[in-house]
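Each chain, written out:
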Amino acid sequence: MTLDASKDSSGVPTPPVLPPTADAASTGPSRTTSMPLWRLLLRDRVATLAASILVLVFLTAIVGPMLVGDAATRQDLDRSNLAPFSLDTGFMNILGTDPLGRSMLARLILASRTTLSVAIPAVILSGIIGSIIGMWAGYHRGWRETAAMRVADVIMSFPSLLMAVVVLYVFSPSAANIVLILTITRIPIYLRTARADSAELRSRVFVDAARTFGAGSGAVIRRHVVPILLPTLLTVATLDFCFVMLAESSLSFLGIGIQPPDISWGLMVSQGRTYLQSAWWLSFFPGLAIVITTVSATVLAAWARIATDPAQRWRLTLPRSKRKARR
C-alpha cells in the first residue's frame, strides 16, 4: 500500500495519516470497558498480592479463633517468653510466647478478629450515614447543603484522635464506644465527597431527563447518582479502613482502647513495649500485622481508583513494560 503525502493550501506537504495499529486497537476503550475487574486485578501483581493478603486477614479473623481454640488464653509459665522460629514446643509457638507462656500466633489470630470487628463496622456505618446525607444535601442544594456542610465542618474542626481520647477517657473504654466515636469522626469524609459529586451530577443531561419524565428525587438518587458515586465511595472507604484501624491501634496502645481480657493488635504492641530488649517479638509481630494490613489496603485502594475510573482504566490493560514506559 502506498501512502502519498498531501499538500495544504500553502504548498507545504503534510505527513500521511497512518492506519491504527493492531496494538492500539487491542487496548481501545471497547476492550477496556468489557474486561472484568478480576482480570484487571490479576494483571497487576502488586494489587493481586495486596488483595490476597487482605482476604487472608479476613479469613483468619473469621475462622482463625475457632481453629486455635484456647491456645491464646492458656497459660504455661514454664514456657514464658520463648523465642520465635522454633518448633521444639509445637507449631503454635512458632512465633514465640508471651510472659505468661501464651502462644503469640494464637493471640495474633484472636486479636485480628477484635481489630477488624472495630474497624469494619466503623467504616461501614460512617460510609453509609455520610454518603446518604451527602447525596441528599448535594442533590437538593440550598439550606440542606449549607446545614450538612456546617455540621461536617464542626466535626472536622476537632482532631478525630484527640476527640476519641477525650470521649473514651470520660466514658468507659469499650469496643462499642470506640466504634461509635470513630463513626462520628469519619462521617464528614464521606459526606463531603458525596456532596461534591452529587451536586455536579444533578446538572447532567440524564438526571434532567429523569426529572422530566416524572422521577422523584429519591428515585433519581438511587438509580442514577448512587451507581456513579459507588466506586469513588468504595475507594474512600478502603483508605479510611487504614486510618480507622490505625486509630484503634493507637487508642489501645494508649490504654484507652480495647481492654483486657479482650485483645487487639494495638494492645499487644502496648503490652510488649516493656519487653523490647528481652522479648522483641511481643511488639514486633502485632506491629508487623498492622503495617502489612494497612499497606495492602492502601495499594488495593490505589488500584481500585484507576480500575473504577473509565478515563484511567485503559492503563491497566497495557503490558507491564509499556505501563512503566508511560509513567
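Let's talk about the overall build of the chain
Part 1: For the chain, the helix and strand inventory stands at 13 helices and two strands.
Part 2: The contacts in the chain between residues at least 6 apart in sequence include a share of 68% that link residues at least 24 apart.

Regarding the confidence of the model for the chain
Part 1: Across the chain, the average pLDDT comes to 83, with 87% of residues at 70 or higher.
Part 2: Contacts from residues 1–6, a stretch scored under 50 in pLDDT, to residues over four places away or in other chains number eight contacts.
Part 3: Scored below 50 in pLDDT, residues 17–30 makes six contacts in the model with residues more than four places away or belonging to other chains.

Some points on the packing of aromatic side chains
Part 1: Taken as a whole and judged by the stated rule, the model has seven aromatic pairs.
Part 2: On the basis of an interplanar angle of 80° and a centroid distance of 6.0 Å, the ring pair of F85 and F285 is categorised as edge-to-face. Taken together, the positions of F85 in the loop between α4 (45–68) and α5 (104–140) and F285 in helix α12 (residues 281–307) put the pair 200 residues apart, joining distant regions of the chain.
Part 3: Summarising the aromatic geometry, the rings of W280 and F285 are spaced 5.9 Å apart at their centres and angled 45° between planes, so their arrangement reads as tilted.
Part 4: A residue is classified by how much of its surface remains accessible, and W280, at 39% relative accessible area, is partly exposed.
Part 5: Among the aromatic residues, ring-to-ring pairing joins F85, W280, W281, F284 and F285 into one connected group.
Part 6: It is R186 that lies over the ring of F243; its NZ or CZ is 4.0 Å from the centre.
Part 7: Across from the ring centre of F253, 4.8 Å away, lies the NZ or CZ of R273, which sits over that ring.

Some remarks on the side chain of N93
Part 1: Along the chain, N93 turns up in the loop between α4 and α5.
Part 2: The residues contacting N93, other than those within four sequence positions of it, are R79, L82, S86 and S103.

Digging into the layout of surface pockets
Part 1: Looking at the largest pocket, its volume works out to about 500 Å³.
Part 2: Forming the boundary of the largest pocket are 22 residues, of which V123, I124, L234, A237 and T238 lie nearest the centre.
Part 3: At the level of elements, α4, α5, α10 (217–254) and α12 are the ones that each hand at least two residues to the lining of the largest pocket.
Part 4: When residues in the lining of the largest pocket are grouped by element, the largest group, eight residues, is from α10.

Some details on the environment of F284
Part 1: Position of F284 relative to the elements: it lies in helix α12.
Part 2: Overall, F284 belongs to the partly exposed group, its relative accessible area being 42%.
Part 3: Counting along the chain gives 15 residues from F284 to V269, while the straight-line C-alpha distance between them is 7.4 Å.

Examining the nonpolar core
Part 1: Judged by nonpolar contacts, the single largest core of 57 residues is most densely connected at L95, I178, L182, F241, W265, M268 and W303.
Part 2: Counting residues per element, the ones that place at least two in this core are α3 (37–43), α4, α5, α7 (160–170), α8 (175–201), α10, α11 (265–272) and α12.
Part 3: No other element matches α5, which puts 11 residues into this core.
Part 4: Excluding its chain neighbours within four sequence positions, the residues that come into contact with M268 are M104, R107, L108, A111, I263, L282, S283 and P286.
Part 5: M135, Y139, L201 and L229 belong to the second-largest nonpolar core, a separate cluster that totals 11 residues.

Quick look at the packing of α4 against α5
Part 1: Close contact between α4 and α5 brings their axes to 8 Å; oriented N to C, the two are set at 130°. If you check the angle between α4 and α5, you find them oblique. Of the two elements, α4 crosses α5, and the hand of that crossing is left-handed. In this structure, α4 uses V57, F58, T60, A61, I62, G64, P65 and V68 to contact α5, whose residues at the interface are A106, I109, L110, S112, R113, L116 and I120.
Part 2: Along the lines of polarity and charge, the residues of the contact of α4 with α5 split into 11 nonpolar, three polar and one charged.

Digging into the pattern of salt bridges
Part 1: One pass over the structure, following the stated rule, counts 10 salt bridges.
Part 2: The salt bridge partner of R141 is E145, with a shortest N-O separation of 2.7 Å.
Part 3: With a relative accessible area of 32%, R141 lands in the partly exposed category.
Part 4: Look at E145 and you get buried, because its relative accessible area is 12%.
Part 5: R150 is the salt-bridge partner of D153, the closest N and O atoms lying 2.8 Å from each other. Taken together, the residues span about one helical turn, with D153 and R150 both in helix α6 (residues 142–156) at a distance of three residues.
Part 6: The network of salt bridges with shared partners includes D98, R102 and R107.

Each value, and the rule that gives it
Residues numbered from 1 in each chain as written. Predicted model: local features only at pLDDT ≥ 70, side-chain atom pairs only at ≥ 80, totals over all residues. Heavy atoms only, no water. Helix = DSSP H or I, 4+ residues; strand = E, 2+ residues; numbered from the N terminus. Contact = heavy atoms within 4.5 Å. pLDDT = per-residue confidence, 0-100. Phe/Tyr/Trp six-rings, centres within 6.5 Å; stacked < 30°, edge-to-face > 60°. Buried < 20%, exposed > 50% of the residue type's maximum accessible area, 1.4 Å probe, protein only. Lys NZ or Arg CZ within 6 Å of the ring centre and 35° of its normal. 1 Å grid on protein atoms, 1.4 Å probe; cavity = no way out; pocket = protein on both sides within 12 Å on 5 of 7 lines; lining within 4 Å. Points joined across faces, edges and corners; volume = space filled by probe spheres on them. Core = buried A, V, L, I, M, F, W, Y, C linked by side-chain atoms within 4.5 Å. Axes fitted to C-alpha atoms, helices over the stretch in contact; angles between N-to-C directions. Parallel < 35°, antiparallel > 145°, perpendicular 65-115°, else oblique. Left-handed = near helix turned anticlockwise from the far one by under 90°. Nonpolar A, V, L, I, M, F, W, Y, C, P; charged D, E, K, R; others polar. Salt bridge = Lys/Arg side-chain N within 4 Å of Asp/Glu carboxyl O.

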